[in-house]
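# Structure assessment
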Amino acid sequence: MATTEECRTALDKLSDNLAQADGDVRGAAALDRSLSCHIKDLDVTFTGRLDDGRIAVADTFPGPPREKAEIRLAMTGDDLVAMVNGELNFAKAWASGRVRLEAGFRDLLRLRTLL
């Protein structure tokens, strides 16, 4: 089972990957939205912002998200680490229910490029 530190490292790596992306992926990630990522098996939530293609984690706290972020993710720590390392396909994980992504309709349309 992935640790909180491994999950934080994975989010930092995801941020770096998004920042280095180009084309449609870069355009899809170029939002300014609040973000939460609930790691279900650790029962910990990372909160922050997706801003111009980078994820800035501002806080980590126990339990589910305290406030409703504009983009909300929920998954296990192992799934987060596997996705960031390229071992788990996000679209398949989302379709099977292993990963939950919630956002406004317009944001989902933009984020579909990342899938």
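Residues numbered from 1 in each chain as written. Predicted model: local features only at pLDDT ≥ 70, side-chain atom pairs only at ≥ 80, totals over all residues. Heavy atoms only, no water.

- As annotated in an unreviewed UniProt entry, the chain is SCP2 sterol-binding domain-containing protein from Streptomyces maoxianensis.

### Things to note about the pairing of strand β1 (residues 32-39)
- By the criterion of burial, β1 is predominantly enclosed, with six of the eight residues buried.
- Judged from the eight bridges that link them, β1 and strand β2 (residues 44-51) form a sheet pairing that is antiparallel. From the neighbouring strand, isoleucine 39 faces β2, where its bridge partner is valine 44.
- Between the end of β1 and the start of β2, which pair antiparallel, lie four residues, with aspartate 43 showing a positive phi angle near 50 degrees.
- Examined bridge by bridge, β1 and strand β4 (residues 71-75) share five bridges and lie parallel to one another. Its bridge partner being in β4, serine 36 is matched across the sheet by arginine 72. (Buried < 20%, exposed > 50% of the residue type's maximum accessible area, 1.4 Å probe, protein only. Helix = DSSP H or I, 4+ residues; strand = E, 2+ residues; numbered from the N terminus. Pairing = 2+ DSSP bridges.)

### A word on the nonpolar core
- Counting residues in hydrophobic clusters, the biggest one holds 28 residues, and the most contacted among them are Ile39, Phe46, Ile71, Leu73, Met75 and Leu80.
- Contributing elements (two or more residues each) for this core: α1 (4-20), β1, β2, β3 (54-62), β4, α3 (77-84), α4 (90-96) and β5 (100-103).
- Every residue in contact with leucine 80, bar those within four places of it in the chain, is listed here: Cys7, Ala10, Leu11, Ile39 and Met75. (Core = buried A, V, L, I, M, F, W, Y, C linked by side-chain atoms within 4.5 Å. Contact = heavy atoms within 4.5 Å.)

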